[in-house]
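Here is what each chain is made of, one letter per residue.
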Amino acid sequence: MRIIMVEISVIITAYNRKDFYMEAIKSVLNQTLPNDKYEIIFVSNFRDAEEFCKKERIKFIYSNELYMGRQVIDGIKVAKGRIISFLDDDDMFERNKLEEVYENFKDKNLSVYRDRIRYFFNGKIIYKKEFEEKIDPLLITKKDGENYVRMFKRNKFGYHSNSTFSILKELLLNKIEYLYKMIIAVDLLYFTIGFAYKNPIYYDNKNLTLYRLSYSSSMRTLDSIENFIKNSFYRSYNYCLDHLTVYSMLDDEIKSVYKYEVSLSKVRHKFLSKKPMSECKATISDYLRVLKNSHIGSHKGLVFASLLPFNLRLRFIKKVYEKQRSALEALLHNYSI
């Protein structure tokens, strides 16, 4: 009797959104890696895909958890693979994604693997120059503050999302109390969790994940200025709480680097909020830290704008909305197949 050894468990999470999840599932079914080496787990708060999952031998898990981290945990509970790969319901994998994951974990004894994204919209790839340029992959074999800072520079390795990460299940189980607290920005935890483990982290230069662009997603709302203002308060608050959770997980060496991200999230929450929540109130130290150490672009303007009365801040918030919407529209109108 043949013993099937599942190496990778792909967890696809979907909460309320029903437009694209079948494309996500089919992209995982259509992999070059032999199908006996991986399994698919679909975690959702709706049952529309349940019959399809049964036919395709996909594990269907009903989860009504609001926190994204808890949805992921519901998937991990039934996962057989030693490696967990993540996929959001509106993203897709390239056909060779899991083969690359499998080979890299086997050859390099990794704790975390992260590939790069390609944007796509309406089924067409959007080529963004800085994400297509040839760069060297980065293998971090020890806690290295310099390389850790480099990972925050998006123009070097491209935007990361939940769907770009594959992580040892053992590592996720060891940090499950932190995963349980993550609300919306689970990729922040994936991004840092490898530094709490002995095995190397590998940031690949291959574009293996298709990231869907839209005017409304879990991380932004650009369909109207009214929705942008309304949702930005809650989003910035939850994002700040997720940063605080990640910060509490790190050791002192990495905390010294990550402290900037926490301060920036508090300043951003203040900028977008009429009345900031107590856990995320920015202090003088937070303002000074952002002013002094802005290693992701310039946030000096954000600091000064956040100190203005809210009725004056609204003008700047509208400008942020217009800038982000214009940037998205520029991408959407300059795509190629």
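Basis of the calculations
- Residues numbered from 1 in each chain as written.
- Predicted model: local features only at pLDDT ≥ 70, side-chain atom pairs only at ≥ 80, totals over all residues.
- Heavy atoms only, no water.
- Axes fitted to C-alpha atoms, helices over the stretch in contact; angles between N-to-C directions.
- Helix = DSSP H or I, 4+ residues; strand = E, 2+ residues; numbered from the N terminus.
- Parallel < 35°, antiparallel > 145°, perpendicular 65-115°, else oblique.
- Left-handed = near helix turned anticlockwise from the far one by under 90°.
- Contact = heavy atoms within 4.5 Å.
- Nonpolar A, V, L, I, M, F, W, Y, C, P; charged D, E, K, R; others polar.
- Buried < 20%, exposed > 50% of the residue type's maximum accessible area, 1.4 Å probe, protein only.
- Right-handed = clockwise from strand over helix to strand, strands pointing away.
- Pairing = 2+ DSSP bridges.
- Salt bridge = Lys/Arg side-chain N within 4 Å of Asp/Glu carboxyl O.
- Polar contact = N/O pair within 3.5 Å; in protein donor to acceptor, adjacent residues only side chain to side chain.
- Phe/Tyr/Trp six-rings, centres within 6.5 Å; stacked < 30°, edge-to-face > 60°.
- Lys NZ or Arg CZ within 6 Å of the ring centre and 35° of its normal.

(A) A look at the packing of helix 12 (residues 252–272) against helix 13 (residues 284–292). Running from N to C, helix 12 and helix 13 point in directions that differ by 110 degrees, and their axes come no closer than 9 Å. Judged on the interaxial angle alone, helix 13 and helix 12 are roughly perpendicular. The two elements helix 12 and helix 13 cross, and the hand of that crossing is left-handed. Along its contact with helix 12, which presents Lys-259, Tyr-260, Ser-263, Leu-264, Lys-266, Val-267 and Lys-270, the element helix 13 presents Asp-286, Tyr-287, Arg-289 and Val-290. Each residue belonging to the contact of helix 12 with helix 13 can be placed in one class, and the counts come to five nonpolar, one polar and five charged.

(B) View of the pairing of strand 2 (residues 38–44). With respect to burial, strand 2 is a largely interior element, seven of its seven residues being buried. A crossover links strand 1 (residues 8–14) with its parallel partner strand 2, the connecting element being helix 1 (residues 21–29), and its sense is right-handed. Of the pairings in the sheet, the one linking strand 2 to strand 3 (residues 59–62) comprises four bridges and is parallel in character. Across the sheet, the residue bridging to Val-43 is Ile-61, located in strand 3.

(C) Geometry of the pattern of salt bridges. Under the counting rule described, the total for this entry stands at 16 salt bridges. Asp-89 is the partner of Arg-17 in a salt bridge, and the nearest nitrogen-oxygen pair spans 2.8 Å. Of the two residues, Arg-17 sits in the loop between strand 1 and helix 1 while Asp-89 sits in the loop between strand 4 (83–88) and strand 5 (92–93), which places them 72 residues apart along the sequence. Looking at Arg-17, the relative accessible area reads 30%, which means it is partly exposed. With a closest N to O distance of 3.1 Å, Lys-206 and Glu-100 form a salt bridge.

(D) Molecular detail of the environment of Glu-279. With respect to the secondary-structure elements, Glu-279 resides in the loop between helix 12 and helix 13. For the pair Glu-279 and Leu-241, spaced 38 residues apart in the sequence, the C-alpha separation amounts to 7.7 Å. Side chain to side chain, Glu-279 and Tyr-237 meet in a polar contact 2.8 Å long.

(E) Here's a closer look at the packing of aromatic side chains. Tallied over the entire structure, the rule returns eleven aromatic pairs. Taking the centre distance of 5.3 Å and the plane angle of 55 degrees together, the rings of Tyr-21 and Phe-46 count as tilted. With Tyr-21 in helix 1 and Phe-46 in the loop between strand 2 and helix 2 (50–55), this pair connects stretches of sequence that are 25 residues apart. Here the two residues Tyr-21 and Phe-46 agree in accessibility, since each one is buried. Geometrically, the ring pair formed by Phe-233 and Tyr-234 is edge-to-face, given 5.0 Å between the ring centres and 80 degrees between the ring planes. Residue Tyr-234 is classed as exposed on the basis of its relative accessible area of 52%. Above the face of the Tyr-180 ring, Arg-70 is positioned so that its terminal group lies 3.9 Å from the ring centre.

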